[in-house]
Each structure stands twice: as C-alpha cells, then as structure tokens.
Amino acid sequence: MNALTRDLKQLVELAEKAAPAEGRFRQRLHLMPPTGWLNDPNGLCQFKGLFHAFFQYSPFNPEGGVKMWGHCTSRDMAHWEYQGTALYPDQPFDCHGVYSGCALVEDGRMYLYYTGNVKLEDQEYDYVLAGREGNTVLVESEDGFRFGRKQLLMRNEDYPADLSCHVRDPKVWKQDGRYYMVQGVRTKEDVGEAQIFVSDDRISWSPLRRIRTEEPFGYMWECPDYMDVDGQKILSASVQGLEGEEWRDRNVYQSGYFYIEGDILGEYSLSQYRLWDCGFDYYAPQSFVTEDGRVVMMAWMGMPDCPEYGNSPALAEGWQHCFTFPREIYTEDGAVRQRPVRELEMLKRKVKGAEGHLKAECPAAWETDITGIQAGRFRAVVGGGLVLTYTGSRFEMRFEGPAGEEISGGRRLRYQEMESPDSVKILGDASSVEVFVNEGEYVFTTRYYPGAYTLEVEADGAAVSLYAVE
Ligand code: FRU
C-alpha cells in the first residue's frame, strides 16, 4: 500500500464515521452509499455464492468528486452490506478516478477490469481530442475482499487511431475459449460506438472490431454491455447526444439496447434502440449472470448532467443516489422484459387485497401488484402526489399538483405510448418508486421524497394486492 492509498483509506473511513447513520430517505432495499455520492454499478457478479456489487463512489461530497470503487455484498440482492472501498485512485494511470468497469469470474478468481481516468492539466486541452487518458486496468482477487496489484493493460495509444480520448467502461465475457471486451467510445468525428477487443489470456488485448449503427447515434456510448438472454443477443449502451423530436420529453441521456441479429463477432445488424426504462432516474446499467443462470441487471438510479431535477432531501442527509432494485432480464416471444429478482418474493408479506380500489398507508418498503386491468382503466397515486395512469394511448408517470411538487425534487412528467396495459407492479422504497408495466415490458423508475407512504389504486375490475417488504 502506498502513502496515498493509506491516507485516502483513512480519510474515507473518517468521512464514513462522521456521517449520520439515520435518515428518513435512506433506502431499505436498494444499494446506497454509506455517505456521499454514488453513480454507476461496477463489477457486478456472484462469486463463491455471494453477490458482489461495486459502485462509483465519492464519499467526501454528496454532489460528486474523484471516483473510487465502493464495495457491497449481499446474500439476497435486497439487503446489502457495505464492505469498504475496494479500489482507490492512487496510481499515475487512475489518479483522477477509478472509473467504471466489470468483473469476470473464472476458476475461483475475480478479475476486475476498469478505466483509469486521468485529466492532464493545460489550458489548451479540450479533454475530447487531447488531455484525457482512459487507461484499461486489471485487478485480481482470490477471495473477493482483498484486491491485488493494479495491472495497466492498455493506454489510449493502444486504441484505434480514429478514436477520441473518450474510451472507457470495459465489460468482459468469454466465448469459445477467447476473451472479449467491449468499451464505449466517442470517435474523433463525435460519433458514439462500441469497440470490441480480444484476448487469449485476459491480459494482452488487441482491438478487434467496431460496433456501430447505420446512421450516427449520439456522440458517446457509455457503459456498453453485451448479453445473451434466452439466446437473444443484446447490446446495451448509455448514449449521450441524442437529439430531435423523439427525445424531446426524455431524459438528458438515455440507457437502452439493440437486439443483435446475427453475430456481434461476425455479420450482424442492430435493431432499433429501445429504452431500458422510461422514468426519470436510470443510467449506466450493468448485467451479470447468476450462478443459477439468470441475467440480472442493476443501474444507477440517477441521471448525470441534469439541472431540472435533483435530490436535495437526500443531500440534506449527506448522501445522493442509489442503484435500482436488481432486475431479471428475460424474454417473452423474443422481446425483452424485466422483473424484480425472485429473491424479493421471500421478503413479501401480504397486508391488503382488494378488487378495483385500494387505499392504504404503506410501510416504507412495499410492493403492489395490480393484475387483470380492464380496458386500460388504471390510476394510482403514490405518496399523495405521484400519479401513475393510463390515458388511452400512453402510460404516464406524473408529479401532480402542490403535493406532487413537494415530493418530486423538480421532476414532472415521463410517458410512453402503448396499448392498454394488463398489469402493473410497483415497488416502493423510502425514496424511490419502480413501476413494471405488463410484466416489465415497460419500466418507469423515479426517486421521490414523500411526506407519508400512501397508496391509492383505482382499477375497476382488477385484482390489487399490497405487500410489505421486509
Ligand atoms: C457513466 C460514467 C462512465 C464513467 C463513470 C465515471 O455514468 O460517466 O462512463 O466510467 O461514469 O464515474
């Protein structure tokens, strides 16, 4: 351990000790930082039975700062235990941030790949074409708690020459005996794409090919991910720079996916881009495969560079942001769906059931299932001011009236055009709501800061059940 690592470790521990342990809006079921700021999920895996999740962590300031990897573990993906900081920005190649990356688990070892961020100092630099390093780094662990030496694998000069300095967020998988890595890139022409690298030994990597859309699609793809869900191949990317009518009422940046027809390593074509989530707070998702073979995904329940809305009630408690509840990604008739991981079922206790209408006070963590919705007749009010409703052509998540304004942190309206919904599942936590429409055909996620946990459902003819989640 060098002197910088030692001091950083001490400072982080001091900040964590000084932080308030209580707070009305601290989440019960969602991974959140002990103090300060959290963004992307990193290094998600199940390793020797235990779930590990790392996160982009800035403990000194809830509004962000230099990034390190915080570390949590869980047995059920609902209750997370903080394990301290795993990786500090303490080397010349990662001194301005241990940026996002992934875990590869093989033969009882954990391999963590990440981006070492460096911003050189000079007024001349634009930090797109000059002045920024995105280094690819590997760290290995035998037990998932002690992390070895950082190995610098690639620098910007090892990447294709037509790329800008923005190359980051490695995600690694193994296929037919070789290792593949996808990274998000911005080309020198300001086009967002995904770069694939190949390796035979996990250490020595070379650029293989570029995955792109036919027409340019945004200027940067962050946190790309490649997954196989029931045989359907999917490329996920968090895209910056989408413009035009289609994106007007959406978030500043998007997280979504393309179906891959063909072979990402051979001939392929990409489908239309589809959003993972239509709500306010969802970015930089990452998937992993559980030991029992499920594809599970978690995302940052937040939004970068978003001045319109925020989380000041959490900031007042000294922290900001959390992850989404882990979702199983599955397909139905070839189309992607999402549902909370099945571990949640073990934690549910039914508190109320009704037909058509239900009005209740909820515990801070709760779930409601509304099934058999008739002709799209559905409206729910959560926390007095968050309205979820189907209007005849679109499903809306809307903060309404003075009560809505009070609890929204500045959020207003998100919607998605769709046919009449059949079912809605809502998962509420102390300061978040996740809404799964039609078994997760569409999902809407938001933070909120309610005065009281109340729920009112109006859905003539539908079955409504309310559960406490413990
Ligand atoms: C996405 C992102 C990544 C980067 C990380 C830095 O939110 O910008 O591209 O690695 O966050 O915290």
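Above this text you will find the structure in question.
The present account deals with the structure reproduced in this document. (Residues numbered from 1 in each chain as written. Predicted model: local features only at pLDDT ≥ 70, side-chain atom pairs only at ≥ 80, totals over all residues. Heavy atoms only, no water.)

Between its terminal C-alpha atoms helix 1 (residues 3-18) stretches 23 Å, which fits the 22 Å expected from 16 residues at 1.5 Å a residue. Along helix 1, the positions that sit buried rather than exposed are Thr5, Leu8, Val12, Ala15 and Glu16. For helix 1, the buried positions fall inside an angular range of 95 degrees around the axis, keeping them on one side. Seen from the buried face of helix 1, the exposed residues on the opposite side, beyond 90 degrees, are Gln10, Leu14, Lys17 and Ala18. Buried residues in helix 1 make contact with strand 2 (50-58), strand 3 (68-74) and strand 4 (81-87). (Helix = DSSP H or I, 4+ residues; strand = E, 2+ residues; numbered from the N terminus. Expected span 1.5 Å × (residues − 1). Buried < 20%, exposed > 50% of the residue type's maximum accessible area, 1.4 Å probe, protein only. Arc of directions from axis to C-beta. Contact = heavy atoms within 4.5 Å.)

Surveying the vicinity of the ligand reveals the residues Asn39, Asp40, Gln56, Lys67, Tyr99, Ser100, Arg168, Asp169, Glu222, Tyr283 and Trp300. Taking Lys67, its side chain carries an N or O atom lying 3.3 Å from an oxygen atom of the ligand. Here Ser100 contributes a backbone N or O atom positioned 3.1 Å from an oxygen atom of the ligand. Protein contacts shield 92% of the accessible area of the ligand, which totals 320 Å² for the unbound molecule. Elements that contribute at least two residues to the shell around the ligand include exactly strand 1 (36-47), strand 5 (98-106) and strand 9 (163-175). (Near = heavy atom within 4 Å. Polar contact = N/O pair within 3.5 Å; in protein donor to acceptor, adjacent residues only side chain to side chain. Areas by Shrake-Rupley, 256 points an atom, 1.4 Å probe, with all protein chains shown as cover.)

Here the focus is the sheet that holds strand 5. Across the sheet, 4 strands lie side by side as 5-6-7-8; this open sheet has antiparallel pairing. This sheet does not close on itself; its edge strands, each paired only once, are strand 5 and strand 8 (151-154). Going from strand to strand, the sheet's axes swing by 30 degrees on average, the running direction of each strand aside. (Pairing = 2+ DSSP bridges. Axes fitted to C-alpha atoms, helices over the stretch in contact; angles between N-to-C directions.)

We now examine helix 3 (residues 401-408). Residues Gly404, Ile407 and Ser408 constitute the buried set of helix 3. Buried residues along helix 3 cover an arc of 100 degrees about the axis, so they all sit on one side. Relative to its buried face, helix 3 has exposed residues pointing more than 90 degrees away, namely Pro402, Glu405 and Glu406. For helix 3, the secondary structure elements touched by its buried residues are strand 25 (379-382), strand 26 (386-390) and strand 27 (394-399). Remark: Gly409 follows helix 3 within two positions and exhibits a positive phi of approximately 60 degrees.

Turning our attention to the side chain of His71. Residue position: His71 is located in strand 3. Classification of His71 by relative accessible area gives buried; the value is 1%. Of the polar contacts made by the side chain of His71, one reaches the side chain of His52; its length is 2.9 Å. Those residues in contact with His71 that sit more than four places away from it in its chain are His52, Ala53, Phe54, Phe55, Glu81, Tyr82, Gln83, Gly84, Ala86, Gly144, Phe145 and Phe147.

Okay, the side chain of Thr368 next. Tracing the chain through its elements places Thr368 in strand 24 (residues 366-371). A polar side-chain atom of Thr368 sits 2.7 Å from the main-chain carbonyl oxygen of Ser465.

What follows concerns the packing of aromatic side chains. Per the counting criterion, the structure on display carries 28 aromatic pairs. Ring centres of Phe25 and Tyr449 lie 5.0 Å apart, and the angle between their planes is 85 degrees; this geometry places the pair in the edge-to-face category. Here Phe25 is found in the loop between helix 1 and strand 1, whereas its partner Tyr449 is found in the loop between strand 31 (442-447) and strand 32 (454-469), with 424 residues between them in sequence. For Phe25, a relative accessible area of 9% corresponds to the buried category. Centroid distance Phe258 to Tyr273: 5.1 Å. Interplanar angle 50 degrees. Geometry classified as tilted. One end of the pair, Phe258, is in strand 15 (residues 254-262); the other, Tyr273, is in the loop between strand 16 (268-270) and strand 17 (274-275), and 15 residues separate them in sequence. Per residue, the accessibility class of Phe258 equals that of Tyr273, and both read buried. (Phe/Tyr/Trp six-rings, centres within 6.5 Å; stacked < 30°, edge-to-face > 60°.)

In this structure the tally under the stated criterion is 38 salt bridges. The residue Arg294 makes a salt bridge to Glu328 at a minimum N-O spacing of 2.7 Å. A residue pair is termed long-range when its members are at least 10 positions apart, and Arg294 in the loop between strand 18 (283-289) and strand 19 (295-300) and Glu328 in strand 21 (residues 327-332) qualify at 34 residues. Under the relative-accessibility criterion, Glu328 is labelled buried at 2%. For Lys425, the salt bridge identified is with Asp369, shortest N-O distance 2.9 Å. Placement of Lys425 in strand 29 (residues 424-429) and of Asp369 in strand 24 is noted, with a sequence separation of 56 residues between them. What you see here is one network of salt bridges that share partners, running through Asp292, Arg294, Glu328, Arg339, Arg342 and Glu343. (Salt bridge = Lys/Arg side-chain N within 4 Å of Asp/Glu carboxyl O.)

It is worth spelling out the nonpolar core at this point. Ranked by size, the top nonpolar core spans 79 residues in total, and within it Ile370, Phe378, Phe395 and Val435 carry the most contacts. In terms of residues, this core owes the most to one element, strand 32, which gives 7 residues. Composition of this core by domain shows at least three residues from each of domain 1 (27-336) and domain 2 (348-469). If we ignore the near neighbours within four places in the chain, the residues touching Val435 are Leu388, Phe395, Met397, Val424, Lys425, Ile426, Tyr442, Val443 and Phe444. Trp173, Ile196, Phe217 and Leu270 belong to the second largest nonpolar core, which has 21 residues in total. (Core = buried A, V, L, I, M, F, W, Y, C linked by side-chain atoms within 4.5 Å. Domains from an automatic or database assignment.)

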